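Tertiary structure, described
Single-letter residue listing:
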Amino acid sequence: MTAPNYDYGDPLTLSPATGDAATNSARLAAACGSGKSVFVTRPGTYHFALTGAGYQTDSLGRAYRKCVDLGNLRMLRGAPGVVFKMADGQMQDSGDNRGPCSILCSNAPTDLTIQNLRLEGNTAGQTSWTGDYNTSNERWTQLDGSHGICVSSVGAGYGRVNLEDVQAYDFFANPIICDGSSGFKAGTARGRRIWYGDCGEGMTFDDVSDVDLDDVVFVADSSSYTAVDSSTKGKTAGDGLEAARCRNVLIKNFRSWTRQGTVMYAGGGVIDCGGSDSITIDGLYCRHWQAGVGADISNTLPPKAVVYRNHHYLDVPQTALFFEYPANYELENIIAHNCGHLLTATASSAVRPMHIHARNIQCWAPTGDLFYLRGDIRLHGENVQARTGSLK
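Computed from a predicted model, the values in this text were never measured in an experiment.

**What to know about the overall build of the chain**
Scanning the chain from N- to C-terminus turns up 1 helix and 27 strands. Going through the 392 residues of the chain one by one, you find that 56% of them count as buried. Once local pairs closer than 6 in sequence are excluded, the contacts in the chain between residues at least 24 apart make up 73%.

Have a look at this one:
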């Protein structure tokens, strides 16, 4: 992958006054239209307001609003201490501000780099947003809610998106979402040193050719996810990190846990790579999720190769790993403590068997089975241990 451009860009001055949110949106949008690089030079918290009337649709037909259209911007960089925050009242269930709103949006960028920014969704300030707008009928949700960065692909795939030293906090949906196109499967997404927390779902990259992530942290809130429907109160919307239907996925050093230290009910697992062709996850710390990593759940196309190395699971009540469909799975240096099953695997196709190669596996105090296997599965194990008692 080509190294990103690190020039500082043209200086841009924004206003820290709360009432200047619309002005900040207009200034940044105008600078983005230059096709150059933009450098926000002064530390501070800058509010942004939605622009334009009505709402637009992204590559998946979802309606959304935006504060800033990045256009053909090449790079957006912030000085240390720069925070982009959504202003109050930018999301409503009806009226002129109907629909979710995201701070930064870009459709089919050729080469976009965002560096050294913190984005805040200000969910407490969106008092007219109850979630009645979206199909899931929830404030905290997947996809149909606020995002910090929303990259879509309408009519064409995007080129490259590069994110470095980005923080995203307090969004109703995914803090960062990069949707490719199932018809193109083009583009690359690269992320380094990304932190996000208290969001309806984690960072998402779907229908992209290549995903390359390193040093990513999701600190979840296990108490604040509530829905309009009382039967689903207390549930998170989805996965901690998603890279679905991609050609090549490489994830290194991903960590996720809850601030409260209690298990949360989640609609998905800590990582979902459903439908992707080649998956490598090297370095994972997962605690207090209901389920761990899924390679191919709810998709019809099996992955060609899956490699999991150096994973540590703690307090995961259901299963740390879950596989479906025949493919070759490599597991190495996996530790699980106080989990349900270490691995749940279902070979749901009669075309060929599933092969699982497991080396250096240690499981302390499982409440279920070490391997819960169903179907035609060939398991090859080396140094696989299941123990009771505490982790020393």
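**Examining the packing of aromatic side chains**
Aromatic ring pairs are defined here through the distance separating the ring centres and the angle between the ring planes. According to the stated counting rule, one finds 7 aromatic pairs in the structure shown. Seen from their ring centres, Trp257 and Tyr285 are 6.3 Å apart, and the 70° between their planes marks the pair as edge-to-face. Here the residue Trp257 occupies a position in strand 17 (residues 248-258), and Tyr285 occupies one in strand 19 (residues 278-287), the gap between them amounting to 28 residues. Judged by relative accessible area, which is 30%, Trp257 ranks as partly exposed. On the basis of relative accessibility, which here comes to 26%, the residue Tyr285 falls in the partly exposed class. Here Tyr308 and Phe323 contribute two aromatic rings whose centre-to-centre distance is 5.8 Å and whose plane-to-plane angle is 50°, an arrangement assigned as tilted.

**Remarks on the nonpolar core**
Ranked by internal contacts, the top residues of the largest apolar core, which has 93 residues, are Phe84, Leu104 and Tyr313. In this structure Leu104 touches Leu28, Val68, Leu70, Leu76, Phe84, Ile114, Leu117, Leu119, Gly148, Ile149 and Cys150, once residues within four positions along its chain are discounted.

**With respect to the pattern of salt bridges**
Applying the stated criterion across every chain, the model contains 14 salt bridges. Of the charged contacts in the structure, one is a salt bridge between Asp206 and Arg245, with a shortest N-O distance of 3.5 Å. Placement of the pair is Asp206 in strand 14 (residues 203-206) and Arg245 in the loop between strand 16 (241-244) and strand 17, with a sequence separation of 39 residues. With relative accessibility at 4%, the residue Asp206 sits in the buried group. When its relative accessible area of 28% is taken as the criterion, Arg245 is described as partly exposed. Because the salt bridges share partners, they merge into one network encompassing Arg309, Glu330, Glu332 and Arg359.

**Structural notes on unusual backbone geometry**
Phi is positive for Asp207, close to 55°, though the residue is something other than glycine. Residue position: Asp207 is located in the loop between strand 14 and strand 15 (210-220). A positive phi angle, near 55°, is found at Asn383, a position not held by glycine. By secondary structure assignment, the location of Asn383 is in strand 27 (residues 377-387).

**Concerning the confidence of the model for the chain**
Here the chain averages 80 in pLDDT, and 77% of its residues register 70 or above. For residues 1-7, every residue scores under 50 in pLDDT, and the model assigns this stretch 18 contacts once sequence neighbours within four places are set aside. Every residue in residues 225-235 is under pLDDT 50, and counting partners more than four places away or in other chains gives 25 contacts.

**What about helix 1 (residues 21-32)?**
Across its 12 residues, helix 1 extends 17 Å between first and last C-alpha, which sits within 8% of the 16 Å expected from 1.5 Å per residue. Along helix 1, the residues classified as buried are Ala21, Asn24, Ser25, Leu28, Ala31 and Cys32. Burial along helix 1 is one-sided: seen end-on, the buried residues are contained in an arc of 135°.

**Looking at the environment of Gln126**
Structurally, the position occupied by Gln126 is in the loop between strand 9 (111-120) and strand 10 (149-152). When the C-alpha atoms of Gln126 and Gln92 are compared, they prove to be 7.4 Å apart, with 34 residues separating the residues in sequence. Among the polar contacts made by the side chain of Gln126, one reaches the main-chain amide nitrogen of Gln90 at a distance of 2.7 Å.

**So, the pairing of strand 12 (residues 176-179)**
Side chains Ile176 and Cys178 of strand 12 all project onto a buried face; the interleaved residues Ile177 and Asp179 project onto the opposite face, where all are buried too. Looking at chain direction, strand 10 and strand 12 are connected through 3 bridges and run parallel. Looking at the pairing, Val151 lines up with Cys178 of strand 12. Here strand 12 runs beside strand 14; their pairing, made up of 3 bridges, is parallel. Looking across to strand 14, one finds that Asp179 is bridged to Asp206.

**Section: the environment of Leu119**
As for its placement among the helices and strands, Leu119 is situated in strand 9. Taking the C-alpha atoms as reference, Leu119 lies 8.4 Å from Ile149; in sequence the two are 30 residues apart. In this structure Leu119 touches Phe84, Ile103, Leu104, Gly148, Ile149, Val166, Gln167, Ala168, Tyr169 and Phe171, once residues within four positions along its chain are discounted.

**A word on the environment of Pro11**
Positionally, Pro11 belongs in strand 1 (residues 10-12). Counting along the chain gives 67 residues from Pro11 to Gly78, while the straight-line C-alpha distance between them is 9.8 Å. Excluding residues that lie within four positions of it along the chain, Pro11 makes contacts with Phe39 and Thr41.

Rules used in this analysis
Residues numbered from 1 in each chain as written. Predicted model: local features only at pLDDT ≥ 70, side-chain atom pairs only at ≥ 80, totals over all residues. Heavy atoms only, no water. Helix = DSSP H or I, 4+ residues; strand = E, 2+ residues; numbered from the N terminus. Buried < 20%, exposed > 50% of the residue type's maximum accessible area, 1.4 Å probe, protein only. Contact = heavy atoms within 4.5 Å. Phe/Tyr/Trp six-rings, centres within 6.5 Å; stacked < 30°, edge-to-face > 60°. Core = buried A, V, L, I, M, F, W, Y, C linked by side-chain atoms within 4.5 Å. Salt bridge = Lys/Arg side-chain N within 4 Å of Asp/Glu carboxyl O. pLDDT = per-residue confidence, 0-100. Expected span 1.5 Å × (residues − 1). Arc of directions from axis to C-beta. Polar contact = N/O pair within 3.5 Å; in protein donor to acceptor, adjacent residues only side chain to side chain. Pairing = 2+ DSSP bridges.

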